[in-house]
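Structural overview for review
Chain by chain, the residues:
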Amino acid sequence: MITHTMKSNLSGARAEQFYEFMINSPQDVYAHWLPDEHHEFYVVKQSKTTPVGDLIYFDQHISPKHRLRFYAVTKTANKPNRVVFQMRKLGVNIPGFLELNFCDTPDGLLLIETLRIGFAGLGRLLDPFIRIVYNKSFFEALNAHHIREWLNLAEVLNNH
């Protein structure tokens, strides 16, 4: 399994704001979140009782060469500290997870974003093939995007 973790300290941000935005992003607010890079992010199918099981659609460029466009199922929603999405292609959950952990600090928010791609056990034999797409160039672009997107989201949320 390929695991990539990034951390940001976001001054003035709060865990509950970020959690709520990631669970059900208001489109008028989303429109201001890196509009040149973030194209769409919305709930396709929403439960009436819990965000777990919600179907989400993401479409964003993390660089001119790298685009992430996929559906995801909300696997974990622990308000206000943790959200986990599992990627989905062609109606099938695939072994790709985006985990967001939010922790309030005296200065703001500690955000830990982890991307896990690949299989455990015998399936890990496929990891070298997965690394062809999710390679050094991809993760460098992801690191740079992580910094831009979360700093910008903190600013956007504080202005709305």
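Residues numbered from 1 in each chain as written. Predicted model: local features only at pLDDT ≥ 70, side-chain atom pairs only at ≥ 80, totals over all residues. Heavy atoms only, no water.

1. Section: the layout of surface pockets
Counted as a void, the largest pocket has a volume near 270 Å³. Lining the largest pocket are 16 residues; nearest its centre among them are Met87, Lys89, Ile94, Val133 and Tyr134. Among the elements of the structure, strand 4 (67–78), strand 5 (82–89), strand 6 (92–105) and helix 3 (127–133) are those that each provide at least two residues to the lining of the largest pocket. The greatest single-element share of the lining of the largest pocket, amounting to four residues, is contributed by strand 4. (1 Å grid on protein atoms, 1.4 Å probe; cavity = no way out; pocket = protein on both sides within 12 Å on 5 of 7 lines; lining within 4 Å. Points joined across faces, edges and corners; volume = space filled by probe spheres on them. Helix = DSSP H or I, 4+ residues; strand = E, 2+ residues; numbered from the N terminus.)

2. As for a nonpolar patch on the surface
Side chains of Phe119, Leu126, Phe129, Ile132 and Val133 sit close together on the surface and give an oily, nonpolar patch of about 510 Å² of accessible area. Looking at where phenylalanine 119 falls in the secondary structure, it is placed in the loop between strand 7 (108–117) and helix 3. (Patch = residues over 30% accessible without salt bridge, like charges linked within 9 Å, V, L, I, M, F, W, Y side chains within 5 Å. Areas by Shrake-Rupley, 256 points an atom, 1.4 Å probe, with all protein chains shown as cover. Salt bridge = Lys/Arg side-chain N within 4 Å of Asp/Glu carboxyl O.)

3. Details of the side chain of glutamate 99
Considering the arrangement of structural elements, one finds glutamate 99 in strand 6. For glutamate 99, a relative accessible area of 11% gives the class buried. When sequence neighbours within four positions are dropped, the list of residues in contact with glutamate 99 reads Arg82, Val83, Val84, Ile112, Glu113, Thr114 and Arg116. (Buried < 20%, exposed > 50% of the residue type's maximum accessible area, 1.4 Å probe, protein only. Contact = heavy atoms within 4.5 Å.)

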